[in-house]
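Summary of structural features
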There are 2 protein chains.
Amino acid sequence: MHSTPTDRRRGEATRAAIRAAGARLFAEHGFQDTSVRDIAREAGVDPALVIRHFRSKERLFIETMSVEDPARSIVEGPLEQLGEAMVAGTLARSDRAKKVYTALMRAADHEEVRDAIARANHATVIAPLARRLSGHDAQLRAALVSAQLNGLLNTLWMIEDEAVTRVPTEVLITEYGRALQVLIDG
Amino acid sequence: MHSTPTDRRRGEATRAAIRAAGARLFAEHGFQDTSVRDIAREAGVDPALVIRHFRSKERLFIETMSVEDPARSIVEGPLEQLGEAMVAGTLARSDRAKKVYTALMRAADHEEVRDAIARANHATVIAPLARRLSGHDAQLRAALVSAQLNGLLNTLWMIEDEAVTRVPTEVLITEYGRALQVLIDG
DNA sequence: GTCTATACGACGATAGAC
DNA sequence: GTCTATCGTCGTATAGAC
């Protein structure tokens, strides 16, 4: 009937194990190629518990595909060189951040994933950047800078277009940074 | 034993019906939400024939998700205003072109789809643009312009971020066109 | 050769017993 | 909270009729 303290503690341990397994497997193999049964096996629990605790594979994915490493810092620094700084700061992010970004983008078939992506973009890039911009259409220009940045990341991390992946990072920072700077300057 | 003319004609008609059904359903509902059985029903054909004729759902998707409406024209016009022209030309593309783009991007979980996207980018944007650019790193700058453009399209069509979708097209053309122009000018 | 019928193994998710 | 058994659906393969 009632859940005892022991029950609750066991449940929390199970939840944590499932979450850890999901965080690892989704980042490594993506949403589609990671099955609920894979996660259960990695967590050492019954497959039914994955759904029981997280309601659906999709919800576990969204809850799991996030990074503590805050991207907020990429909109800091002198405004006059922020374009380059944003590209450099993004390309220098952790390996996990790249994998999470890629996994999210490649799962954009799912509406709730798209919403999560949009929310993350606003929270980590658009809103803090818009606060720093002056001049006309600050909000819009911030959103377009975010779109630009995502364009580069998609080419580099999601599509992995060889024409761009083999270019030295410093060149990308200089060239693409100039393009961002135009919208930052307004 | 041997295939009669009647056999061959029947087979071609079946193939065409499956292709047409796939072209419609994939564009409308995406890769994931369109089942092989849906396509077979729409085509008035046995589900096994879909695989028999196209080897896999993924191959039918890639073969089907293309547009005759050539995007090549978006890299034409005076170089000094090509940035704006590219944005304008892209945003003015057919409704089918938008749906195909969205369907492809949302199916990027599949490696062969990513390859198809990269090939399309090179054939329709990067290569023809690189041919027109002069100065340093023409090939790279063309690839980065393509990345920028895809960034806008992803925000607009794939993620459908409201902060950008509700902005008037003319504003997007002016603002984002300026950013493209920087890399076009070099 | 085209097609029909049937089946396989894996999937996400659920009901109900403990 | 956990586990077993199972459901309906999926992409795909194939045997055999025409």
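Quick caveat, the model's predicted, so the values are computed rather than measured.

Next up on the list: the interface of chain A and chain B. With 39 residues of chain A at the interface, the matching set in chain B holds 39 residues. Across the chain A/chain B interface, buried area totals approximately 3,500 Å², and carbon plus sulfur atoms make up 63% of it. Considering only the surface of chain A that becomes buried against chain B, Arg106, Asp109 and Ile159 of chain A emerge as the three largest contributors, covering 16% of it. On the surface where chain A and chain B come into contact, there are zero salt bridges.

Turning our eyes to something else, we now look at the relation of the copies chain A and chain B. Think of it as a corkscrew move, a rotation about one axis and a shift along it, taking one chain copy to the other. Least-squares fitting of chain A to chain B yields an RMSD of 0.1 Å, with the superposition described by an axial translation of 0.0 Å and a rotation of 180°. Both copies are brought into coincidence by an operation consistent with a two-fold rotation axis. Closest to the rotation axis within chain A is the C-alpha of Gly151 of chain A, separated from it by 1.8 Å. Both copies present the same face, since 100% of the interface residues in chain A are matched by interface residues at the equivalent positions in chain B.

A few words now on the packing of aromatic side chains. A complete count under the given rule lists eight aromatic pairs over all chains for this structure. With centroids separated by 5.0 Å and ring planes inclined at 90°, the aromatic side chains of Phe26 of chain A and Phe61 of chain A adopt a geometry described as edge-to-face. A residue pair is termed long-range when its members are at least 10 positions apart, and Phe26 of chain A in helix α1 (residues 5–29) and Phe61 of chain A in helix α4 (residues 57–64) qualify at 35 residues. Residue classification places Phe26 of chain A among the buried positions, given a relative accessible area of 0%. We classify Phe61 of chain A as buried; its relative accessible area is 0%. Aromatic side chains Phe26 of chain B and Phe31 of chain B sit 5.9 Å apart centroid to centroid with 20° between the ring planes, which places their arrangement in the stacked category. As far as the burial class goes, Phe26 of chain B and Phe31 of chain B line up, both buried. Three or more aromatic residues joined by ring pairs make a cluster, and in this case those are Phe26, Phe31 and Phe61 of chain A. When the ring centre of Phe54 of chain B is taken as reference, the NZ or CZ atom of Arg15 of chain B above it lies at 4.5 Å. Seen from the ring of Phe31 of chain B, Lys57 of chain B lies directly overhead, with NZ or CZ sitting 4.3 Å from the centre.

Residues and elements named next belong to chain A. Each domain of chain A was delimited in the assignment, giving domain 1 (5–64) and domain 2 (71–185). The straight-line distance from the C-alpha centre of domain 1 to that of domain 2 is 30 Å. In this complex, domain 1 contributes 10 residues to the contact, which on the side of domain 2 involves nine residues. Of the roughly 860 Å² buried where domain 1 meets domain 2, counting both sides, 59% is carbon and sulfur surface.

The next subject is unusual backbone geometry. Residues and elements named next belong to chain A. Even without glycine at this site, Arg55 takes up a positive phi of about 70°. Tracing the backbone shows Arg55 in the loop between α3 (47–54) and α4. Judged by its relative accessible area of 62%, Arg55 falls in the exposed class.

Before going further, it helps to spend a moment on the nonpolar core. Membership of the largest hydrophobic core comes to 120 residues, with the highest contact counts inside it found for Phe61 and Met86 of chain A together with Phe61 and Met86 of chain B. In this view, Met86 of chain B contacts Ile74, Val75, Val125, Leu129, Val145, Leu149, Leu180 and Ile184 of chain B; residues no more than four positions away in its chain are not counted.

Moving on, we come to the packing of helix α5 (residues 82–91) of chain A against helix α8 (residues 138–158) of chain A. Residue and element names in this part refer to chain A. Axis separation between α5 and α8 bottoms out at 11 Å; the angle between their running directions is 40°. Classed by the angle they form, the pair α5 and α8 counts as oblique. The element α5 and its partner α8 pack so that their crossing is right-handed. Counted together, Met86, Val87, Thr90 and Leu91 of α5 and Val145, Leu149, Leu152, Leu153, Leu156 and Trp157 of α8 form the full contact between these two elements.

Let us now look at the protein's contact with DNA strand C. Within the structure, DNA strand C sits among 19 residues, and Val36, Arg37, Ile51 and Lys57 of chain A together with Thr14 of chain B are positioned closest to it. Put simply, 57% of the atoms of DNA strand C that lie within 4 Å of the protein are in sugar or phosphate. Here a base nitrogen of DNA strand C and a side-chain polar atom of Asp7 of chain B are 3.5 Å apart. Contact distances for DNA strand C include 2.5 Å between a phosphate oxygen and a side-chain N or O atom of Thr14 of chain B. Those elements that provide at least two residues to the surface near DNA strand C are α2 (36–43) and α3 of chain A together with α1 (5–29) and α3 (47–54) of chain B.

Further remarks concern the environment of Ala138 of chain A. All names here are of chain A. Within the secondary structure, Ala138 is located in helix α8. Taking relative accessible area as the criterion, Ala138 reaches 17% and is therefore assigned buried. Taking the C-alpha atoms as reference, Ala138 lies 9.9 Å from Asp185; in sequence the two are 47 residues apart. Once residues lying within four places of it in the same chain are set aside, the contact partners of Ala138 are Ala130 and Leu133.

Moving on to the environment of Ile173 of chain B. Residue and element names in this part refer to chain B. On the secondary structure map, Ile173 appears in helix α10 (residues 169–185). The buried category is assigned to Ile173, whose relative accessible area is 16%. Taking the C-alpha atoms as reference, Ile173 lies 27 Å from Ala107; in sequence the two are 66 residues apart. Other than its neighbours up to four places away in sequence, Ile173 contacts Glu84, Val87, Ala88 and Arg178.

Quick notes on the rules
- Residues numbered from 1 in each chain as written.
- Chains lettered and ligands numbered in written order.
- Predicted model: local features only at pLDDT ≥ 70, side-chain atom pairs only at ≥ 80, totals over all residues.
- Heavy atoms only, no water.
- Contact = heavy atoms within 4.5 Å.
- Buried area = accessible area lost by both parts, 1.4 Å probe.
- Salt bridge = Lys/Arg side-chain N within 4 Å of Asp/Glu carboxyl O.
- Least-squares fit on C-alpha atoms with pLDDT ≥ 70 in both.
- Phe/Tyr/Trp six-rings, centres within 6.5 Å; stacked < 30°, edge-to-face > 60°.
- Helix = DSSP H or I, 4+ residues; strand = E, 2+ residues; numbered from the N terminus.
- Buried < 20%, exposed > 50% of the residue type's maximum accessible area, 1.4 Å probe, protein only.
- Lys NZ or Arg CZ within 6 Å of the ring centre and 35° of its normal.
- Domains from an automatic or database assignment.
- Core = buried A, V, L, I, M, F, W, Y, C linked by side-chain atoms within 4.5 Å.
- Axes fitted to C-alpha atoms, helices over the stretch in contact; angles between N-to-C directions.
- Parallel < 35°, antiparallel > 145°, perpendicular 65-115°, else oblique.
- Left-handed = near helix turned anticlockwise from the far one by under 90°.
- Near = heavy atom within 4 Å.
- Polar contact = N/O pair within 3.5 Å; in protein donor to acceptor, adjacent residues only side chain to side chain.

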